[in-house]
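# Remarks on the overall topology
Take a look at the letters that make up each chain.
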Amino acid sequence: MVVIRLARGGAKKRPFFNIVAADSRNRRDGRFIERVGYYNPVASGAEKGLVVNAERLAYWQQNGAQLSPTVARLAKQAAKAAA
């Protein structure tokens, strides 16, 4: 099954997450199919904290991909900010 989830990157104490579509059997930070956006929880100033490609997210959901609870919350937050 394809799942859309966060893949952690960044340095220690400076997290950075890629929002990726991946096979659910793969590791969290392992191989993925497509990068759909990113989330930077420690963004400051003019940096963007959340970027989501809503078109690709909708495509994956139409093809049966499941959102993780955190990605669902972030997608809702991104849609609210875009409107």
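Up top is the structure.
One structure accompanies this document, and this report is about it. (Residues numbered from 1 in each chain as written. Predicted model: local features only at pLDDT ≥ 70, side-chain atom pairs only at ≥ 80, totals over all residues. Heavy atoms only, no water.)

### A short note on the pairing of strand β1 (residues 2–11)
Put simply, the rule is: When DSSP finds two or more bridges between two strands, those strands count as paired. In DSSP terms, a helix is any run of H or I states spanning at least four residues, a strand is any run of E spanning at least two, and both are numbered starting from the N terminus.
Summarising the sheet, β1 and strand β2 (residues 14–23) pair through ten bridges and their orientation is antiparallel. When the bridges of β2 are listed, Val3 appears paired with Ala22. Taking the residues that link successive antiparallel strands as the turn, the β1-β2 hairpin has two residues, and the phi of Lys13 there is positive, at about 65°. Relative to strand β5 (residues 66–67), β1 is paired through two bridges, and the arrangement is parallel. Residue pairing for β5: Val3 is matched across the bridge by Gln66.

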